[in-house]
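# Structure at a glance
Here are the chains, one letter per residue:
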Amino acid sequence: MSKPTLLILAAGMGSRYGGIKQLDKFGPNGETIIDYSLHDAIKAGFGKIVFIIREELKADFEEIFGPKLAGKIDYDFAIQGVQKYVAPELGTVERTKPWGTGHAVLCAWEQTSTPFAVINADDFYGYEGFKIMADFLTNNTDETCHAMVGYQIKNTLSENGSVSRGVCEVDENGYLEVVTERTKIYRQADNTIVFEEGETLTTLPENTPVSMNFWGFMPNVFPVINEMFKEYSVKNIDSPKAEFYIPTVMTYLIQNGLGKCKVFSNESEWFGVTYPEDKPTVMEALQKLSGLY
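Residues numbered from 1 in each chain as written. Predicted model: local features only at pLDDT ≥ 70, side-chain atom pairs only at ≥ 80, totals over all residues. Heavy atoms only, no water.

## Brief notes about helix H1 (residues 33–44)
Selection criterion: By the criteria applied, helices consist of DSSP H or I runs no shorter than four residues and strands consist of E runs no shorter than two, each listed in order from the N terminus. Expected span, for any helix, means 1.5 Å times one less than how many residues it has. Only protein chains enter the accessibility calculation, which uses a 1.4 Å probe; a residue whose area is less than 20% of its type maximum is buried, one above 50% is exposed, and one in between is partly exposed. Two N or O atoms form a polar contact when they lie within 3.5 Å of each other; inside protein one atom must be a possible hydrogen donor and the other a possible acceptor, and for residues adjacent in sequence the pair counts only when both atoms belong to side chains.
If you check H1, its first and last C-alpha atoms are 17 Å apart, about what twelve residues at 1.5 Å a residue would give, namely 16 Å. Of all twelve residues making up H1, nine are buried, and the element is well covered by its neighbours. Residues Ile33, Ile34, Asp35, Tyr36, Ser37, Leu38, Asp40, Ala41 and Ala44 constitute the buried set of H1. Among the residues of H1, the N-terminal cap falls to Thr32, whose side-chain oxygen and the backbone nitrogen of Ile34 are separated by 3.3 Å. The positive-phi residue at the C-terminal boundary of H1 is Gly45, with phi of around 115°.

Now the structure itself:
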């Protein structure tokens, strides 16, 4: 039985962070957050790594991660270019910002032949999540069943501003019903967690499951994403900031009876970097974990 592949989303522009946070050093010995994910993925049983990046980052990624992975696990690069998989009739796309996480996954189609997981480059997920996902992808025999490792909203906030999260609704059997992207979630002074929608504030319970972009897919999803994105690119060709998200893909599969998504609960603390002010908090958290890595 083939080992699953791990796709690492690393093509983002880091506009709020103010730099290339995918390659920034956070660990006590200068480790990137990706280094921790690679360690946990190899230990959990993944068999290949695919870095999804912009063309201008490839040389840096090869220099930093190539020597660390050589002899331990296969790895490859997928380039997320603004022209890739766009509907041909649109011609040259006038756009600098990547098309989003759903498009990023599509850009790794040629490099991915096994069941695969997807994570963000700048998020620390913890070993438990990688083990849960690797076991699912290795043993799952249902081609219509995909997966998500969920985190509790209370464990995913930033002290330095609002965050975007995929808020999940799960049925009694543990399958995802819908995931809704909320772009302004934060904790108020009274300690309640809310999200903004226009001028409306809606409260979220502390244990609300959210997607931190830790997804698992069967490889037959690629043709579906391809058709979805072609249609999306036509509709949004004049919207240079429009993004095609992974939750959009999963919601489409569920609503059209093409697939289902098992949500695995995970109470581990997640941490990541959205703002420059997040860096000291992440560095402190990684210092505490230094004995495990």
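## Section: the packing of H1 against helix H4 (residues 127–139)
Inclusion rule: Helix axes use the C-alpha atoms of the stretch in contact, all axes being lines fitted to C-alpha atoms, and the angles between their N-to-C directions lie in the range 0 to 180 degrees. Oblique is the label for any angle not under 35 degrees, not over 145, and not in the 65 to 115 range, which are roughly parallel, roughly antiparallel and roughly perpendicular in turn. When the near helix sits turned anticlockwise from the far one by under a right angle, the crossing is termed left-handed; a clockwise turn instead gives a right-handed crossing. We call two residues in contact whenever any of their non-hydrogen atoms come within 4.5 Å of each other.
Closest axis-to-axis distance for the H1/H4 pair is 9 Å, and the angle between their directions is 40°. Judged by the angle between their axes, H1 and H4 are oblique. Along this stretch, H1 crosses H4, giving a crossing that reads as right-handed. Counted together, Ser37, Asp40, Ala41, Lys43 and Ala44 of H1 and Tyr127, Phe130, Lys131 and Ala134 of H4 form the full contact between these two elements.

## A closer look at the environment of Val118
Structurally, the position occupied by Val118 is in strand E4 (residues 116–120). Its relative accessible area of 0% is what places Val118 among the buried residues. In sequence terms Val118 and Met148 are 30 residues apart; their C-alpha atoms lie 9.4 Å from each other. Those residues in contact with Val118 that sit more than four places away from it in its chain are Leu7, Leu9, Val105, Asn213, Phe214, Trp215, Phe217 and Ile246.

## Digging into the side chain of Ser37
As for its placement among the helices and strands, Ser37 is situated in helix H1. Non-local contacts of Ser37, meaning those with residues more than four positions away in its chain, are made with Ile119, Asp123 and Phe130.

## Some points on the pattern of salt bridges
We count it as follows: Salt bridge criterion: a side-chain nitrogen from Lys or Arg within 4 Å of a carboxyl oxygen from Asp or Glu.
Tallying each qualifying case throughout the model produces ten salt bridges. Here Glu206 and Arg187 are joined by a salt bridge, their closest N and O atoms 2.8 Å apart. With Glu206 in the loop between strand E10 (200–204) and strand E11 (209–217) and Arg187 in strand E8 (residues 176–187), this pair connects stretches of sequence that are 19 residues apart. The exposure class of Glu206 is partly exposed, given its relative accessible area of 34%. With a relative accessible area of 31%, Arg187 lands in the partly exposed category.

## Section: the side chain of Asn213
Inspection of the secondary structure puts Asn213 in strand E11. Those residues in contact with Asn213, other than ones at most four positions away along the chain, are Leu9, Thr101, Val118, Ile119, Asn120, Tyr125, Ile246 and Pro247.

## Structural notes on the environment of Phe222
Here Phe222 lies in helix H5 (residues 222–235). Residue classification places Phe222 among the buried positions, given a relative accessible area of 0%. Not counting the four nearest positions on each side in its chain, Phe222 is found in contact with Val105, Leu106, Ala108, Trp109, Thr112 and Phe116.

## A short note on unusual backbone geometry
Positive phi outside glycine occurs at Tyr85, with the angle close to 65°. On the secondary structure map, Tyr85 appears in the loop between strand E3 (74–79) and helix H3 (101–106). Not every positive phi belongs to a glycine, and Asn213 is a case in point at roughly 60°.

## Digging into the nonpolar core
Soluble globular proteins tend to bury their nonpolar side chains together. Rules: Side-chain atoms within 4.5 Å are what join buried Ala, Val, Leu, Ile, Met, Phe, Trp, Tyr and Cys residues into a set we call a nonpolar core.
Core analysis: the biggest nonpolar cluster contains 45 residues, and Phe51 and Phe61 have the highest contact counts within it. Per-element tally for this core: the top contributor is H4, with six residues. Ignoring any residue separated from it by four or fewer positions in sequence, one finds Phe51 in contact with Ile8, Ile34, Leu38, Phe61, Phe65, Leu69, Tyr75, Asp76, Phe77 and Ala78. By size, the runner-up hydrophobic cluster in this structure holds 34 residues, among which are Trp215, Phe222, Ala242 and Phe244.

## Quick notes on the pairing of E10
One face of the sheet, then the other: side chains in a regular strand alternate in exactly this way. Selection criterion: Strands qualify as paired when DSSP identifies two bridges or more between them.
With five bridges connecting them, strand E9 (residues 193–197) and E10 associate as antiparallel partners. What sits directly across from Ile193, in E10, is Leu204. Hairpin connection from E9 to E10: two residues lie between these consecutive antiparallel strands, with Gly198 at a positive phi of about 70°.

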